[in-house]
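An overview of the molecular structure
Read off the chains here:
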Amino acid sequence: MPRAERARLAPYGAAVCAAAYGSMKLAQALGAEALADKDPLPPELRERLLARDPLFVASHWVLAVAAVVGVVVALAAVRPWGAAVPRRLLFAVAWVLGIFMIARAIGVLGFGFVGDALLLAGVRPPPTGEAALARDLARWDLLLWSPFFLLWGAFWTATAARLRITGRGTP
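Definitions and limits used
Per chain, residues are indexed from 1 in the order of the written sequence. A pLDDT threshold of at least 70 governs which residues receive local features in this predicted model, and a stricter bar of 80 or more applies before side-chain atom pairs are shown or counted, although totals over entire chains, interfaces and linings include all residues. Each side-chain value is worked out from all heavy atoms of the structure, with water and hydrogens disregarded. Under the scheme applied here, a residue whose accessible area is under 20% of the maximum for its type counts as buried, over 50% as exposed, and between as partly exposed, the area being computed with a 1.4 Å probe on protein chains only. Counting from the N terminus, the helices are the DSSP runs of H or I reaching at least four residues and the strands are the DSSP runs of E reaching at least two. This arc corresponds to the set of directions leading from the helix axis out to the C-beta atoms. Nonpolar side chains (Val, Leu, Ile, Met, Phe, Trp, Tyr) within 5 Å and like charges within 9 Å form the patches, drawn only from residues with over 30% relative accessible area and no salt bridge. Note on areas: Shrake-Rupley with a 1.4 Å probe; residue coverage comes only from the protein chains shown. Basic side-chain nitrogens of Lys or Arg form a salt bridge, by our definition, when they fall within 4 Å of a carboxyl oxygen of Asp or Glu. Buried Ala, Val, Leu, Ile, Met, Phe, Trp, Tyr and Cys residues form a nonpolar core when they are joined through side-chain atoms within 4.5 Å. Residue contacts are defined here by distance: any two heavy atoms, one from each residue, within 4.5 Å place the two residues in contact. Stacked, tilted and edge-to-face pairs are distinguished by plane angle, under 30 degrees for stacked and over 60 for edge-to-face with tilted covering the rest, among Phe, Tyr and Trp rings (Trp via its six-membered ring) whose centres lie within 6.5 Å.

This next bit is on helix α3 (residues 43-50). For α3, the full list of buried residues reads Pro43, Arg46 and Leu49. On an axial view of α3, the arc spanned by its buried residues comes to 115°, and they lie on one face. Looking one or two residues past α3, Arg52 carries a phi angle of roughly 60°, positive in sign.

Below is the structure:
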């Protein structure tokens with residue numbers, strides 16, 4: 001596969017990840033419990049999530065719409081119709097999303113590989129009375145969410161790099 005074709009994989013990968021995440025959030029907004037019980041949230045927020053608190057239902061709708069926007073932004077980086085969108089705007093969005101998702105995966109934001117490893121190793125104490133649940137959620141985050149956000153972030157940063165290289169030319 002030529003290098004130019006490989007460079008196009010990152011925006012498509014970002015779009016696929018956005019679609020997968022958005023589909024899950026849409027399902028949750030509509031009442032499904034698709035992985036909702038595996039969300040690494042503090043106990044009080046987790047209870048509200050599982051009880052379908054209106055704030056969480058609304059947040060699922062917002063995240064589903066944001067995922068659709070993410071699909072459009074990612075595809076704008078490679079599709080001919082994307083030439084109408086300023087490259088700098090696409091670059092900035094892709095770069096910010098990529099860095100944010102990689103930071104989340106690593107653990108800068110509290111979740112992620114570092115936070116999960118510290119909790120599972122006993123270095124960081126779990127919430128009082130929630131030790132078993134916290135360890136279970138840390139395992140899920142370590143094996144599912146953090147790798148997913150790392151991959152998604154890598155796709156976004158590779159998309160940003162592609163946009164930087166291609167400049168103002170056709171996507």
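On to helix α6 (residues 113-120). Every buried residue of α6 is listed here: Gly115, Asp116 and Leu119. Projected onto a plane normal to the axis of α6, the buried residues spread over an arc of 95° and lie on a single side. Once α6 finishes, Gly122 follows within two positions and takes phi at roughly 85°, a positive value.

Side chains of Ile106, Val108, Val114, Leu118 and Val123 sit close together on the surface and give an oily, nonpolar patch of about 430 Å² of accessible area. Inspection of the secondary structure assignment puts Ile106 in helix α5 (residues 87-106).

Ranked by internal contacts, the top residues of the largest apolar core, which has 21 residues, are Tyr21, Phe148, Phe149, Trp152 and Trp156. For this core, the secondary-structure elements that each account for two or more residues are α2 (9-29), α4 (54-76), α5 and α7 (131-166). A per-element tally of this core places α7 first, with seven residues. Setting aside residues up to four positions removed in sequence, Phe148 forms contacts with Cys17 and Tyr21.

Glancing now at the packing of aromatic side chains. Under the definition given, this model contains seven aromatic pairs. With centroids separated by 5.9 Å and ring planes inclined at 70°, the aromatic side chains of Tyr21 and Phe149 adopt a geometry described as edge-to-face. Remark: Phe149 occurs in helix α7 and Tyr21 occurs in helix α2; sequence separation between them is 128 residues. Grouping residues by exposure puts Tyr21 and Phe149 together as buried. Centre to centre, the rings of Phe148 and Phe149 are 5.7 Å apart; their planes meet at 80°, and the pair counts as edge-to-face. Of the two residues, Phe148 and Phe149, both sit in the buried class.

Geometric descriptors of this kind do not, in isolation, establish any biological role.
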